[in-house]
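Residue-level structure breakdown
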Amino acid sequence: MKKFRILSLATFLFIVWFAARTLCAQSLDYVVEKDVAVPMRDGAVLRADVLRPKNNGSFPVLVYRTPYGKEFALQDYTTFRHAVERGYAVVVEDVRGRYSSGGNFVAYQQEGHDGYDTIEWAASQPWSNGAVGTFGLSYPGAVQWLAAVENPPHLKAMVPAMTFSTPQNFFYAGGTWDMSWIDWIWNNMAPDVRIKRHMAGPKTLDEAVVAWKDVGPKAVRELPLASLAELQEIAPYYYEWLRHPVDDPWWEWSELRDKYDHVNAAVLNFSAWYDDNYGPEGATTNFAGLLKARASQRDPRTQLILGPWVHGVDSTAKTKSGEREFGPTAAIAYDEVVLRWLDHYVRGVDNGVEKEKPVRYFVMGDKQWHNADSWPPPAKPISYYLGPPQSQQSPETNAKTLYNSHGEAKGFSSFLSDPADPVTNPYASSGGHDYREFANRKDVLTFDSPPLDHDMEVTGPIHAEVFLSCDCRDMDLWISLLDVAPDGTAFNLMSPGLGVVRASYRDVKRGRQLLKPGEIYELRLENLITSNVFLKGHRIRAQIFGSFFPDFSRNLQTGELEATSAKMQKATIRILHDDQHTSRVILPVVER
């Protein structure tokens, strides 16, 4: 009875708010049409709000598609109003099965066809001049790519911010399962489902966040992953995902890397160093893929922006990510950046955007924006080799050494990895955090360089080559790169998920290959990426461990997959750094 009363009050307040917004919209300088029907090819009807200038005529159109509720988007973001003020009509649509739209919601999988149909519908309306652009961040960024590879004829430009390039670094990361899908569904997807199906449980985001404090700790520890009961009636698509390992061809529907030649729109790629792991990799991979596909074009119509922020539109106006402050220049005007790109390629405004350097990135440590002709910028690869401790090398007594010469490397280092007691992220939020305490853990290997005698800029992809053996059939290799200040503060330089590879998926194209206990393997990590100046007196730190929970799933180390098994075993992992096995981290050092 109490839940019913709460829902009734919430419904009443929503009706009052909706009526107030409708009356307010009538006094604005633009027209708002609510819940306009947008038919899909299979007969489903999606619903959109259409904002357009009051004067009669036809306008270029911007499409924004969201699973989070179009009403909430219109309330939270200013881009729509600013777009109309510049002469656009704007379509804000609930994706299939969400809020006001019909059909059944299957996350991401329906967005290609539905996005195509929505774009072409928008182009055909009497208030449209036929030129369409898209924008949005995270899921509203992903839907743009999934539609763009279908090649809708009227799509002229898009700004897909903080989104992915491949399911291998989106649903998975280096072969590990991204555990954030569980709370994403619980907090963002489940409340609307419960309302529509009259199910028990949290009906709003706020209620879901409160309930997650009790549900979450148990949910993320549930093994096998597929046995999680809390989402079975809410999100059957989640369990479908779990049925398909990272190397399964089933994921081709969400793979972008082989489809860039299908895309004709002008694309502004947009992410940040502390974005979710798929963001910076996705933006740089998509940018490079488009350049390659358009190599013969005078204007490839693609650019790249990489800032110092965490995930989200709001973060782009802030100067701090986590505990790390970047100064006033770090913030940008998100709406202006998005609309300026669309103004040129959708409205045809001669604003010079195509003449600017195609790459703009923020250098942490230096706290400055840099413009470049290419990504990555020119850099010299400098190797730092893992090795044994050097006397008085580091403030941490158990820290080993990063040598800039492999002649100093000898022996091996080892640690015990226990999936029942994993390395746990002490921070619930994204951004730069002080991970100095990790150096005191026995299941984390720490390698420090000597204090630098000059500033050193590292910008671009970072590679790691690690030789190891294990008394197990499978394990995860995690590498974290940190900037250590003289006072011991140790800031991470990217979000977790970029520095991991599952040993059995060391060559994912060849499928899953279990380890032979005791045999030596070379594992390569290719997705680490950042831009940071290590200041004079600072140290470069590389840390190696076997798990990072609850951000990503735990390797059971038995050879069985965590989606279908709960059997775990401890494993001793030996990292070799001798003359024959020169484990190293390769940094792209930019001349200053």
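Our subject in this report is the structure included herewith.

So, how was this worked out
- Residues numbered from 1 in each chain as written.
- Predicted model: local features only at pLDDT ≥ 70, side-chain atom pairs only at ≥ 80, totals over all residues.
- Heavy atoms only, no water.
- 1 Å grid on protein atoms, 1.4 Å probe; cavity = no way out; pocket = protein on both sides within 12 Å on 5 of 7 lines; lining within 4 Å.
- Points joined across faces, edges and corners; volume = space filled by probe spheres on them.
- Helix = DSSP H or I, 4+ residues; strand = E, 2+ residues; numbered from the N terminus.
- Nonpolar A, V, L, I, M, F, W, Y, C, P; charged D, E, K, R; others polar.
- Contact = heavy atoms within 4.5 Å.
- Disulfide = S-S within 2.5 Å.
- Buried < 20%, exposed > 50% of the residue type's maximum accessible area, 1.4 Å probe, protein only.
- Pairing = 2+ DSSP bridges.
- Axes fitted to C-alpha atoms, helices over the stretch in contact; angles between N-to-C directions.
- Phe/Tyr/Trp six-rings, centres within 6.5 Å; stacked < 30°, edge-to-face > 60°.
- Lys NZ or Arg CZ within 6 Å of the ring centre and 35° of its normal.

Concerning the layout of surface pockets
Taken as a whole, the second largest pocket encloses approximately 1,100 Å³ of empty space. Along its surface, the second largest pocket is lined by 38 residues, and Gln168, Arg257, Val508, Glu526 and Asn527 are the ones closest to its centre. When contributions to the lining of the second largest pocket are tallied by element, the ones reaching two or more residues are helix H9 (278–293), strand S22 (500–502) and strand S23 (521–534). Residues that form the lining of the second largest pocket fall into these classes: 17 nonpolar, 10 polar and 11 charged.

Digging into the environment of glycine 488
Locating glycine 488 in the fold gives a position in the loop between strand S20 (476–484) and strand S21 (490–492). As a C-alpha pair, glycine 488 and leucine 304 span 184 residues in sequence and 34 Å in three-dimensional space. Once residues within four sequence positions are removed from consideration, glycine 488 is found in contact with Asp434 and Arg436.

Notes on the state of the cysteines
Within this structure, the stated rule accounts for one disulfide. Between the sulfur atoms of cysteine 470 and its disulfide partner cysteine 472 the distance amounts to 1.9 Å. Looking down the S-S bond of the cysteine 470 and cysteine 472 bridge, the torsion is 115°, so its handedness is right-handed. For the pair cysteine 470 and cysteine 472, one class covers both residues: buried.

Notes on the sheet that holds strand S3 (residues 59–66)
The pairing of strands in a sheet happens through backbone hydrogen bonds and is either parallel or antiparallel. Read across the sheet, 10 strands follow the order S1-S2-S4-S3-S5-S6-S9-S10-S13-S14 without closing on themselves; strand pairing throughout is mixed. With partners counted over all chains shown, the strands left at the sheet margins are strand S1 (30–39) and strand S14 (368–372), one partner each. Neighbour-to-neighbour, the strand axes of the sheet open up by a mean angle of 20°, direction not taken into account. Relative to S14, strand S13 (residues 359–363) runs antiparallel, the two sharing five bridges. Residue pairing in the sheet places tyrosine 361 in a bridge with histidine 370 of S14.

Section: the packing of aromatic side chains
What the rule picks out here adds up to 52 aromatic pairs. Seen from their ring centres, tyrosine 361 and tryptophan 375 are 5.5 Å apart, and the 70° between their planes marks the pair as edge-to-face. With tyrosine 361 in strand S13 and tryptophan 375 in the loop between S14 and strand S15 (380–387), this pair connects stretches of sequence that are 14 residues apart. The pair tyrosine 361 / tryptophan 375 is uniform in exposure class, with both members buried. When the ring centre of tryptophan 369 is taken as reference, the NZ or CZ atom of arginine 360 above it lies at 4.2 Å.

Quick word on the pairing of S3
Taking burial as the measure, the eight residues of S3 include eight buried ones, the bulk of the element. Note that S3 and strand S5 (residues 128–137) share four bridges and pair parallel. Counted as the bridge partner of leucine 62 is glycine 133 from S5. Here six bridges tie S3 to strand S4 (residues 89–94), and the two strands are oriented parallel to one another.

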